[in-house]
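Each chain, written out:
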Amino acid sequence: MSTVTVLALVITVVLRLFVAEAFYVPSESMYDTLTRDDRILAEKVTYLHRDVDRGDIIVFKDPDNWLNEEVVQPGTVRRIGEFVGILPRSGEGHLVKRVIGIGGDRVICCDKDGLITVNGIPLDEREYLLPDAKPSEVPFNVLVPAGHLWVMGDNRADSADSRAHMGGPGGGFVPVENVVGRACCVIWPSDRMTMLRPPETFKKPGLKK
């Protein structure tokens, strides 16, 4: 193997570990912001200069066996391809959700208008929820612990997110340390290529405590 090839592989691995990593979307839980088998890029640079924030779409390691399934290990060639970054991670053991609440937030479903509130501020989620979808069929009133996140899929009727794990070991909260990166864009297929930006509703005055 030539020096140039080795150097290229080293650079690729460094980029994957510290800059960005590609993943397959494993389910329809984020539809139609993301759909199954979309290839997304989870970038890691943003969280070097700011914390995970409300509205971010994150890729994170399964915190408490949320997937409830045995992780199937890829073959050797696949594993090498994923490690060096020439193939996207298949998503086993990782989930993709939107951050609704961060440490210290009181997140409630729902107010008299049927909206989720964060610190008493109602969220207008029409920007990313499916038409006529309810913010949640499951009521909840949670205080997010420090160092943790409350996450939900955009496809609220088909997402086993924080709501589905309130009775589990972690109470449905995701440790910040489990976050792999922020999903910044869809990179494949070509007709779905787009940037992923936090919705306007998370910029409302009063959300931050």
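Scoring rules and cut-offs
The numbering scheme is per chain: residues are counted from 1 as the chain's sequence reads. In keeping with the predicted nature of the model, local features appear solely for residues at pLDDT of at least 70, side-chain atom pairs appear and are counted solely at 80 or more, and the whole-chain, interface and lining totals rest on all residues. With hydrogens and water stripped out, all remaining heavy atoms of the structure feed into the side-chain values. As a per-residue measure, pLDDT reflects the predictor's confidence and takes values from 0 up to 100. Contact between two residues is taken to exist if any of their heavy atoms lie within 4.5 Å; hydrogens are not considered. Numbering of helices and strands starts at the N terminus; helices are DSSP runs of H or I of at least 4 residues and strands are runs of E of at least 2. Categorising residues by exposure relies on relative accessible area from a 1.4 Å probe, with only protein chains included: less than 20% of the type maximum marks a residue as buried, more than 50% marks it as exposed, and the intermediate range marks it as partly exposed. Polar contacts, as counted here, are pairs of nitrogen or oxygen atoms within 3.5 Å of one another; within protein the pair requires one atom able to donate a hydrogen and one able to accept it, and residues that are adjacent in sequence qualify only if both atoms are side-chain atoms. When DSSP locates at least two bridges between a pair of strands, those strands are taken to pair. Whenever a pair of cysteine sulfur atoms sits within 2.5 Å, that pair is classed as a disulfide.

Engineer: Please set out the confidence of the model for the protein residue by residue, giving values where relevant.
Structural biologist: Per-chain confidence: the protein averages 85 in pLDDT, with 79% of residues scoring 70 or above. Here residues 77–81 is modelled with pLDDT under 50, and outside its nearest four sequence neighbours on either side it reaches eight contacts, counting other chains as well.

Engineer: Outline the side chain of His165, supporting the account with residue identities and numerical values.
Structural biologist: Among the secondary structure elements, His165 is positioned in the loop between strand E9 (148–152) and strand E10 (174–175). The class of His165 is buried, set by a relative accessible area of 16%. Looking at His165, its side chain comes within polar contact range of the main-chain oxygen of Ala160, at 3.5 Å. What His165 contacts, discounting residues up to four positions off in sequence, is Trp66, Ala160, Gly171 and Gly172.

Engineer: I'd like a rundown of the pairing of strand E4 (residues 94–102), residues and numbers included.
Structural biologist: E4 sits mainly inside the fold: nine of its nine residues count as buried. Here strand E3 (residues 57–61) runs beside E4; their pairing, made up of five bridges, is antiparallel. Paired with Ile58 across the two strands is Lys97, which belongs to E4. Here E4 pairs with E9 via four bridges, running antiparallel. Residue Gly101 lies in a different strand from E9, and its bridge partner there is Trp150.

Engineer: Tell me about the sheet that holds strand E6 (residues 117–118), and please be specific about residues and values.
Structural biologist: In spatial order, the strands read E7-E6-E5-E8; together these four strands make up an open sheet with antiparallel pairing. Among the strands making up the open sheet, the edge pair consists of strand E7 (121–122) and strand E8 (140–143). Note that strand E5 (residues 106–109) and E8 share four bridges and pair antiparallel. What sits directly across from Ile108, in E8, is Asn141.

Engineer: Give a detailed account of the environment of Pro122, specifying residues and quantitative values.
Structural biologist: If you trace the backbone, Pro122 turns up in strand E7. Since its relative accessible area comes to 28%, Pro122 is described here as partly exposed. Through-space distance from the C-alpha of Pro122 to that of Cys110 is 8.8 Å; in sequence the pair is 12 residues apart. Contact partners of Pro122, with chain neighbours within four places excluded, come to Asp111, Leu115, Ile116, Thr117, Thr201 and Lys204.

Engineer: Got a sec to walk through the state of the cysteines? Specific residues and values, please.
Structural biologist: Counted by the stated rule, this structure contains one disulfide. Bridging Cys109 to Cys110, the disulfide has an S-S length of 2.1 Å. Handedness here is read from the sign of the S-S torsion; for Cys109 and Cys110, about -70°, the answer is left-handed. Cys110 gets classed as partly exposed once you look at its relative accessible area, which sits at 28%. Left unpaired, Cys184 is separated from the closest cysteine sulfur, that of Cys185, by 3.4 Å. Given the relative accessible area of 9%, Cys184 is considered buried.

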